[in-house]
Amino acid sequence: MNTGTKIIRTAALTDIDAIAQVEAECFPLAEAATREQFAGRLAHYASHFWLMFDAEKLIAFVDGLVTDEDTLTDYMYSHPELHNEAGKWQMIFGVNTIPKYRCRGFASELMRRVIQDSREQGRLGLVLTCKAELVHWYAGLGFVNEGVSESVHGGAVWYQMRLRF
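Counting restarts for each chain: residues are numbered from 1 in the order of the written sequence. For this predicted model, a pLDDT threshold of at least 70 governs which residues receive local features, and a threshold of 80 or more governs which side-chain atom pairs are given and counted, while totals over whole chains, interfaces and linings are taken from all residues. With hydrogens and water excluded, all non-hydrogen atoms of the structure serve as input to the side-chain values.

S.K.: Would you mind going over the packing of aromatic side chains with me for this structure?
M.R.: Aromatic ring pairs are defined here through the distance separating the ring centres and the angle between the ring planes. Paired rings are identified among Phe, Tyr and Trp, the last through its six-membered ring, by centres lying within 6.5 Å, and are further divided according to the angle between planes into stacked (under 30 degrees), edge-to-face (over 60) and tilted (the rest). One pass over the full model with this rule turns up eight aromatic pairs. Ring centres 4.8 Å apart and planes at 80° place the aromatic pair W137 and Y138 in the edge-to-face group. With a 1.4 Å probe rolled over the protein chains alone, any residue whose accessible area is under 20% of its type maximum counts as buried; one over 50% counts as exposed, and the rest are partly exposed. Take W137: its relative accessible area is 28%, and that puts it in the partly exposed class. What links up through ring pairs into an aromatic cluster is the set F38, Y45, F49 and F61. The aromatic ring of W89 is capped on one face by R162, whose charged end is 4.6 Å from the ring centroid. For a Lys NZ or an Arg CZ to count as sitting over a ring, it must be within 6 Å of the ring centre and within 35 degrees of the ring normal.

S.K.: What's the story with the environment of F143 in this structure? I'm lost.
M.R.: Strands are runs of DSSP state E lasting at least two residues, helices are runs of H or I lasting at least four, and both sets are numbered from the N terminus onward. Tracing the backbone shows F143 in the loop between α5 (135-139) and β8 (144-148). Classification of F143 as buried rests on a relative accessible area of 3%. A C-alpha to C-alpha distance of 5.0 Å links F143 and R162, two positions 19 residues apart in sequence. The contact definition used throughout considers only heavy atoms, calling two residues in contact when any of these lie within 4.5 Å. In contact with F143, not counting residues within four places along its chain, are M111, I115, L126, L128, Y138, M161, R162 and L163.

S.K.: Even after reading the chapter, I still don't get unusual backbone geometry, so can you show me in this structure?
M.R.: Both trends apply: most residues other than glycine have a negative phi, and most peptide bonds are in trans. In this structure, A55 is a non-glycine residue whose phi angle is positive, near 60°. Note on A55: relative accessible area 40%, which makes it partly exposed. Despite not being glycine, C103 has its phi angle at roughly 65°, a positive value. With respect to the helices and strands, the residue C103 is situated in the loop between β6 (94-97) and α4 (106-120). Given a relative accessible area of 86%, C103 falls into the exposed group.

Now the structure itself:
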């Protein structure tokens, strides 16, 4: 495992296989996006996929569409055409780090970049949902817990988190 310089960049369609592989390593089948879903997302908002590489290996990524809606809904996951580049809110669908790279600060570094880019793009902030065990981690990045989300994605209980600028 090379732990030298990490590269962060936005995605291209050619990254789809690596993205799908990382997603499969990070989420249970019921919650993971499919390769086909990623194809649609990349076609609509590849510039809202932030990828972190260790040398040539994709080790982490964050993705989500931009919208004027202020609540993340399950419908958004499978409807990439809802992306509005001029939207007010950056939604975050997934924060993925492959297991052997976890607990080393990579996800925090990547999220700080997403937050910085979203601020520079003039958004009002970011919205995501997470499980109870990650509420504290996101709070450490400045997100506020808004309570249990209406999401039933993958049959799990999700909490909506928001970071306002």
